Amino acid sequence: MVFFFFLFLLSAAGARGGGGGGKATSGGGARAEKARATDGASRTGSSLGYLRHAAGKLGGALVSLLAVLVTSFFLFRIIPGDPVKAMTHGVPTSAEQLATLRRQFGLDLPLWQQFTDYCAKALSGDLGTSFQFRAPVGDLIAEKLPATLLLTGVAVVIYSALGLWLGTRSAWRHGGLGDRLNTGIALTLWSVPSFWLGLLLIIVFSVGMGPIPGLFPTGGMESGTGETGFAYVLDVAHHLVLPVVTLVAVGYAQTLLVMRSSLLDEMGGDYLTTARAKGLRDDAVRRRHAVPNALLPTVTMIFINLGHVAAGSILVETVFSWPGLGGLFYQALSVPDLPLVQGLFVVFAGAMILMNLIADLLYPLLDPRVGR
């Protein structure tokens, strides 16, 4: 009797469950439709939020670029010195000849007219004509740009990768001997002026000091002995070593410290504890969870460093006589060659603005919380 009673209860429960199954199915379908509609609205809202974010950043970049145009014109006119007198220094020149040169350069015009002419030409892509080289500024920049891209591009790739790797290892094993050693070296190198470090490397490894012979050239990009093909590549690489080492020694330190600090902030997160509780190995927790979330501040810095690829390093290029934009800027500033320094300043600042804009547009892709 007991067995049949329990059998009856089970059949009744099944009947009730079957009767409500149609309702559950219909209710589940309604909930699924509602979930799909909510998901579609969420995606639309996210897309609109990203577009608003992108439009705001693009507008800010354009405003910054206009501010750069204005700043580049007035900034270098504050510098003491007369370009005409500087270029005719040591050459007998009459007052009439000086006046003729000023008229040719447009320096006899009122300041407001010089400014409007400069802005009109710059917005049309004409950066003017160099006073001392008597050549279009755009052509001079295009001629020197490859050498700068080679030097700073190689340096940025090396010190970004090195800084990310060492910064990650230092943070993950913070407090250990390796962390203290890496952090100490990074802080020391970060505080060293790049030109001083370059001069020190020239003294030790180019001129030679004590038992260390002179292994590398003191400056320039090539020996000028007419090498071609692979021999030319080796010659350029030989000249590239010391300036790249100088830039890497200073640059990797900043990347290491920023990455270490960002990763230390993430290491106390509950999501890492959850990942470990699921049985993930320590390396997997670091690579899949901690490092991607710690990359945002480092991404900004890397893109700023990419902006420096166009700007180069004025001091390092000057110390090593590297024929790039940095050395050209130093030559132009010593006159001052106003069209050339203005054009270079616009190119340098424009590269930084562009790289910052790209970083801002990538942020929401790396972290969906940004731009909402």
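Look above for the structure.
Source: prediction; values computed, not measured.

If you tally the helices and strands in the chain, you get 13 helices and zero strands. From first element to last, N terminus to C terminus, the chain shows the α and β order α-α-α-α-α-α-α-α-α-α-α-α-α. When the 372 residues of the chain are sorted by exposure, 36% land in the buried category. The long-range fraction of contacts in the chain, counting pairs at least 24 apart against all pairs at least 6 apart in sequence, stands at 74%. For the chain, the exposed area adds up to about 21000 Å²; of that, 67% sits on carbon and sulfur atoms.

With that out of the way, let us pick up the layout of surface pockets. A volume near 450 Å³ is recorded for the largest pocket. Along the wall of the largest pocket there are 21 residues; nearest its centre are F105, K121, G128, F131 and P339. Looking at the lining of the largest pocket element by element, the count peaks at four residues for helix 4 (residues 111–123). Among the residues making up the lining of the largest pocket, the classes are represented as nine nonpolar, seven polar and five charged. Quantified by volume, the second largest pocket comes out at close to 290 Å³. In terms of lining, the second largest pocket is formed by 15 residues, of which the most central are Y159, L247, V250, H308 and S313. It is helix 8 (residues 230–266) that contributes the most residues to the lining of the second largest pocket, five residues altogether. Looking at the lining of the second largest pocket residue by residue, the classes come out as six nonpolar, nine polar and no charged.

What counts and what doesn't
Residues numbered from 1 in each chain as written. Predicted model: local features only at pLDDT ≥ 70, side-chain atom pairs only at ≥ 80, totals over all residues. Heavy atoms only, no water. Helix = DSSP H or I, 4+ residues; strand = E, 2+ residues; numbered from the N terminus. Buried < 20%, exposed > 50% of the residue type's maximum accessible area, 1.4 Å probe, protein only. Contact = heavy atoms within 4.5 Å. Areas by Shrake-Rupley, 256 points an atom, 1.4 Å probe, with all protein chains shown as cover. 1 Å grid on protein atoms, 1.4 Å probe; cavity = no way out; pocket = protein on both sides within 12 Å on 5 of 7 lines; lining within 4 Å. Points joined across faces, edges and corners; volume = space filled by probe spheres on them. Nonpolar A, V, L, I, M, F, W, Y, C, P; charged D, E, K, R; others polar.

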